[in-house]
Structures are given as C-alpha cells and as structure tokens.
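# Summary of the model geometry
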Amino acid sequence: MRRMTARPANAHQARLLRLLRDSGPNSRAQLGDEVELSRSKLAVEVDRLLETGLVVADGLAASRGGRRSHNIRLSPGLRFLGIDIGATSVDVAVTNPELEILGHLTQPMDVREGPVAVFEQVLTMVGKLRDSGVAEGFDGAGIGVPGPVRYPEGVPVAPPIMPGWDGFPVREALSQELGCPVMVDNDVNLMALGEQQAGVARTTQDFFCVKIGTGIGCGVVVGGEVHRGTTGSAGDVGHIQVEPEGRQCACGNRGCLEAYFGGAALARDAEEAAREGRSPELASRLETAGRLTAADVAAAGAAGDGTALELIRVGGARTGQVIAGLVSFFNPGLVVIGGGVTGLGHTLLASIRTQVYRQSLPLATGNLPIVLGELGQAAGVTGAARLISDHLFSPA
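A short tour of the structure in this document, coming up.

### Some details on empty space enclosed by the protein
If you walk through the whole model with that rule in mind, you get one cavity of 30 Å³ or more. Considering only enclosed or pocket space, the largest cavity measures out at about 30 Å³ in volume. Of all elements in the fold, only α1 (11-23) and α3 (39-52) reach the threshold of two or more residues within the lining of the largest cavity. For the lining of the largest cavity, the residue count by class is seven nonpolar, no polar and no charged.

### Some details on the packing of aromatic side chains
Tallying each qualifying case throughout the model produces five aromatic pairs. Ring centres of phenylalanine 80 and phenylalanine 393 lie 6.0 Å apart, and the angle between their planes is 75 degrees; on these two criteria the pair is classed as edge-to-face. With a gap of 313 residues between them, phenylalanine 80 in strand β4 (residues 80-85) and phenylalanine 393 in the segment after α14 (378-392) connect regions that are remote in the sequence. Residues phenylalanine 80 and phenylalanine 393 agree in their burial class; the two are buried.

### Let's talk about the layout of surface pockets
Taken as a whole, the second largest pocket spans an internal volume of roughly 710 Å³. As for the second largest pocket, its lining consists of 32 residues, and the residues nearest its centre are Arg21, Asp22, Gln197, Arg386 and Asp390. Put simply, the parts of the chain that give the lining of the second largest pocket at least two residues each are α1, α6 (187-198), β13 (225-226) and α14. Sort the elements by how many residues they give to the lining of the second largest pocket and α1 lands first, with eight residues.

### Let's talk about α1
Its 13 residues give α1 an end-to-end C-alpha distance of 18 Å, which sits within 8% of 18 Å, the value for a rise of 1.5 Å per residue. Every buried residue belonging to α1 is among Gln13, Ala14, Leu16, Leu17, Leu19, Leu20 and Arg21, and all of these are buried. Of the residues trailing α1, glycine 24 is marked for its positive phi of about 80 degrees.

### Observations regarding the nonpolar core
Residues Ile212, Phe261, Val335 and Ile337 are the most contacted members of the largest nonpolar core, which totals 43 residues. A total of eight residues in this core trace back to one element, the largest contributor, which is helix α11 (residues 306-330).

### A closer look at unusual backbone geometry
Excluding glycine, residues mostly carry a negative phi; peptide bonds, for their part, are mostly trans. Residues other than glycine seldom take positive phi values, yet alanine 158 does so here, at roughly 40 degrees. Residue position: alanine 158 is located in the loop between β9 (155-156) and α5 (170-178). Relative accessible area serves as the criterion here: at 51%, alanine 158 is assigned to the exposed category. Even without glycine at this site, asparagine 331 takes up a positive phi of about 55 degrees. Along the chain, asparagine 331 falls in the loop between α11 and β14 (334-338). Residue classification places asparagine 331 among the partly exposed residues on the basis of a relative accessible area of 47%.

### Some remarks on the sheet that holds β14
In spatial order, the strands read β13-β12-β11-β14-β15; together these five strands make up an open sheet with mixed pairing. Across the chains shown, the open sheet's two edge strands, defined by having one partner strand only, are β13 and β15 (370-372). Where strand β11 (residues 207-212) and β14 come together, five bridges link them in parallel fashion. Across the sheet, cysteine 209 pairs through a bridge with valine 336, a residue of β14. Packing of α11 onto the sheet brings it into contact with β11, β12 (216-222) and β14, and relative to β11 it is tilted by some 165 degrees. On the sheet, helix α12 (residues 345-359) packs against β11, β14 and β15 and is oriented at approximately 165 degrees with respect to β15.

### Thoughts on the pairing of β12
Counting buried residues in β12 gives six out of seven residues, a clear majority hidden from the surface. Both β11 and β12 contribute to a ladder of six bridges, which runs antiparallel. Bridge pairing in β12 places lysine 211 opposite glycine 217. Between β11 and β12, which pair antiparallel one after the other, the connecting turn spans three residues.

### A word on the sheet that holds β4
Spatially, β6-β5-β4-β7-β10 is the arrangement adopted by the five strands of the open sheet, whose pairing is mixed. Each of the sheet's edge strands pairs with one partner strand only, and the pair in question is β6 (101-108) and β10 (182-186). When the angles between neighbouring strand axes are averaged without regard to direction, this sheet yields 15 degrees. Here α5 sits on the sheet and contacts β4, β7 (140-145) and β10; the angle it forms with β10, its principal contact strand, is near 140 degrees. Against the sheet, α6 makes contact with β4, β7 and β10, and its axis sits at roughly 100 degrees relative to β10, the strand it touches most.

Cut-offs and rules
Within every chain, residues take consecutive numbers counted from 1 along the sequence as written. Since the coordinates come from a predicted model, pLDDT governs what is reported: local features require at least 70, and pairs of side-chain atoms require 80 or more to be given and counted, while whole-chain, interface and lining totals use all residues. Neither water nor hydrogens contribute to the side-chain values; these are computed over all heavy atoms in the structure. Throughout, the protein atoms alone are placed on a 1 Å grid, and a set of points is a cavity if a 1.4 Å probe fits but cannot get out or a pocket if it is open with protein on both sides within 12 Å along at least five of seven lines; lining residues have an atom within 4 Å of a point. Grid points are joined across faces, edges and corners, and a volume is the space filled by probe spheres set on the points. Numbering of helices and strands starts at the N terminus; helices are DSSP runs of H or I of at least 4 residues and strands are runs of E of at least 2. Throughout this entry, Asp, Glu, Lys and Arg are counted as charged residues, while Ala, Val, Leu, Ile, Met, Phe, Trp, Tyr, Cys and Pro are counted as nonpolar. The remaining residues, Gly among them, count as polar. Put simply, two rings from Phe, Tyr or Trp (the six-membered ring, in Trp's case) pair if the centres are within 6.5 Å, and we call them stacked under 30 degrees between planes, edge-to-face over 60, tilted for the rest. Accessible area is worked out with a 1.4 Å probe on protein chains only. A residue is then buried under 20% of its type maximum, exposed over 50%, and partly exposed in between. A helix is expected to span 1.5 Å multiplied by its residue count minus one. Side-chain atoms within 4.5 Å are what join buried Ala, Val, Leu, Ile, Met, Phe, Trp, Tyr and Cys residues into a set we call a nonpolar core. Paired strands, in this sense, are two strands between which DSSP finds at least two bridges. By the convention used here, residues are in contact when the closest approach between their heavy atoms is within 4.5 Å. Whenever a helix is involved, its axis is fitted only over the stretch in contact; in every case the axis is a line through C-alpha atoms, and angles between N-to-C directions fall within 0 to 180 degrees.

Have a look at this one:
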C-alpha cells in the first residue's frame, strides 16, 4: 500500500484534514460552513486534497436542496502508530485516520533498561500488530516517554527515572526503524491530548491532566494546545516541594511531591506499614508476592483496610495541595486525574477534591470539575496518534 507522502499545502487544507479526522466523513457543504470558505475556493482546496490521495469521495451526502454533493472522508488506508512508554510498561496501538484504535498491545517493561532494550521490545510489539493485519505500514508514529523532552528534536533531557536516555535521539532512531515520520513528547502531554481527542476533555480548551503513575506529571492545555514551556519541562509538578527538608527524591532534591506519592512512594510506604504490622491485609500480600505495588494498596483499600485507605488519603491530600496552587494560578476549566495509580479511584479523587476546594479561591473552583480520565491505558496511545496526525495535517 502506498504510504502518505503528501502534506497539506496551506492552512485551509490542514483545517479540512483535521475536521475530517475529528468529525468523520462530511459533505462539501458542511465543510464549507465550518471553514468559512466560498463554495468555489472550497472546491479548489478539496479537489487538490483528492488529487493527493489524502481524502476520498465517500458516497452521496444528504440533500440540502439542489444537486446532492459527495461526502468527503480521509483516505481509509491511513494508519498511525501510537507508542506510550511508561516507567514500568509500554503500550503500542494502531489507529485509523479518525484515530480510532484498531489494535492495542500492552506489556510490562522497565524503562531503566535503557533505550536499546526498550525499543527492541517496542519493535517486536509493532511487528505483532503488523502480523495481525491491522496495518501493512505506517504513515506516522507518535511516541511518549516518562520524562522531559526537547520537543523540536524529539530528545529526552535529563529524565530522573530514565538512566541512559539523556540525549538519546528517539525521533531519529525510530523514524529510521519504522520508515515513517515520528514525533516524540512527554507521556503526560500525550495523555492530555488523548483525553482531549476522545475522552473527558473533548469540549474543554483550558485544562490540566495530572498523571499519577510511578511518578507524577501534569499536561497543561491552553486554548486547546499543549503548553510545553521554553525547554519542554512545563508541568513537572512531581518535583514541586511539599515538605521543606523532607524526604530525598530521585531528582536529588528533598521534599518533592513525588517522594511522598506516586506508585513508587506508595509501594515503599505500604511495605513499611506491612513490616511494622499496621496492616494484616498488606502484610499478607507482601508475604505472597515478596513486594507490593500501588495495585496492592488499591486492592487492600477496596477490601476496607484502614492503613491502605489512609495512605491513599494522605497522598491525595498532598497531591491536592499542589493542584490547588496550580488552580489558583491558572484557573483551568477542568482537572483530569489519570495514570496507573487511578486504580485507587474515588478515595484518591475525594481526597484531592477536598484539598483543592478547601485551599483554592472560590472563584477558581466554583464550577471546576475534578474527574478521573475516561480512556485509561488508551489515553497515551490515542494522544500519540493525535500528536503525529497534528504534525502531518499541518502545512508542509
């Protein structure tokens, strides 16, 4: 199959492609209403897109009086690859041009093994998806990594939990391996893009997406666009201090939020509680498995274990303390909580909400929903596909 080589020639064509991606097949008349082009100008732009093969005619549209026009849709053969590398797992998915997932694989993986080992595993998973028949090749790939990224070059920069990744040319290396354009971003930015594309933030222009996984990060969306900051490190909220001269953090500082909450900190505190005899439920799980994870704390909490519930509540309150400051500063329309630790569910959410509503100004929180993400593990790969399609559906 011929892969996508053309790019939109101008902003009108880019807008049309994104409309078709986000809304599905549409008539020329409806597209004209959306992009505010004259009928003749619209016809020129649509005909040029038809010539490139990026869009195809798709049956007759409903009549609006006079001759019926054809629906237009994105070429159904377009395929995007979304790769979401977390600290302890990797997700790989293939989407159609409307960013609906056609195939999705997830596997445990340790990002500390370094880029060569991780990408070997990623490429094996990509091969399995190809073999399943959902794609022969890819028109582009988006990749998320759990650390700061110098966005234009697609290179991780001094990521605290990713030894061996600093300066690794992720974009260049994967582009060569996959034979298609690649874009790289921080994993929490992609979670935010995923929730904006197909999840709970579909109708919100200004929002936070807080990912509580092994560590804690925040995707910041302003006016519908991800805000990355000057060097790509915007939203690194896990390293905001919550306790002066507190616990040592992996980043080298003391008292960071991440040193007290997130999957790694929660597992450590749970193991300590189990060994000290404060929780028979956690002690039993530790004896069986030899180690504890955030999932064990969630299960113990669901079973009514008081110590597990207290760990979740205290962690939620600390996280809420940081989010409250951000809310007062930025005044978002929505706060989305996602990531692996959201298995802690409504106990965590209630604790975060209580702290934010108590601490932030009423004007900022009066109509502020704080909700769990809708997409779960699909958020990152959906956002990765959105990232690369945004890039490809921009003027060349």
